[in-house]
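Inside the fold
Below are the chains, spelled out letter by letter.
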Amino acid sequence: MKAYELPATVAANGHLTWPEFQLDPALKDAQVRVIVLVEESTDIEEDEWLQSAAQNPAFSFLYDSEEDIYTVNDGKPFEP
């Protein structure tokens with residue numbers, strides 16, 4: 001199976017338009033599958049996500065003293 005990647009634009013009427021290009025003549029009147037990948041501009045940066053998670057009240061239980069079950073003396077130091 002051959003794959004073609006083309007820049008395309010969604011027109012005001014909802015139709016896809018792309019530049020002219022030459023397909024294999026054997027594809028004339030053939031069934032094809034079109035996959036549309038859309039860039040998401042609403043993605044947030046990692047530091048923004050971490051800041052949001054740190055301020056989320058769902059994690060407020062971690063500030064309870066009952067959650068402090070480990071001390072510096074627990075475990076072994078990490079040595080790479």
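Let us look at the structure shown here. All values reported here derive from a predicted model rather than from experimental measurement. Every chain is numbered independently, its residues counted from 1 as its sequence is written. With the structure being a predicted model, the display of local features is reserved for residues of pLDDT at least 70 and the display and counting of side-chain atom pairs for 80 or more, all residues being used for whole-chain, interface and lining totals. Excluded from the side-chain calculations are hydrogens and water; all other atoms, namely the structure's heavy atoms, are used.

1. Brief notes about the overall build of the chain
- Per the convention used, a helix needs a DSSP run of H or I reaching at least four residues, while a strand needs a run of E reaching at least two, with both numbered from the N terminus. Within the chain one finds 1 helix and 2 strands.
- Counting helices and strands in the order they occur from the N terminus, the chain gives β-β-α.
- Its C-alpha atoms give the chain a radius of gyration of 27 Å, more than 25% over the compact-globule value 12 Å for 80 residues.
- Its C-alpha atoms put the chain at 75 × 35 × 20 Å along the principal axes.
- Looking at the chain as a whole, 0% of its 80 residues are labelled buried.
- Method for areas: the Shrake-Rupley scheme with a 1.4 Å probe, in which residue coverage is limited to the protein chains shown. Surface accessibility of the chain: about 8800 Å² in total, with carbon and sulfur atoms responsible for 54%. Note that the radius of gyration is over C-alpha atoms, with the globule rule given as 2.2 Å times the number of residues to the power 0.38. Exposure classes here rest on a 1.4 Å probe applied to the protein chains alone. A residue is buried below 20% of its type maximum, exposed above 50%, and partly exposed in between.

2. A short note on a nonpolar patch on the surface
- Residues qualify for a patch when their relative accessible area is over 30% and they have no salt bridge, like charges being joined within 9 Å and the nonpolar side chains of Val, Leu, Ile, Met, Phe, Trp and Tyr within 5 Å. Here, a salt bridge means any Lys or Arg side-chain nitrogen found within 4 Å of an Asp or Glu carboxyl oxygen. A contiguous nonpolar surface patch, about 1000 Å² in accessible area, is contributed by Tyr4, Leu6, Val10, Leu16, Trp18, Leu23, Leu27, Val32, Val34, Val36 and Val38.
- Structurally, Val34 can be placed in the loop between β2 (16-17) and α1 (46-54).

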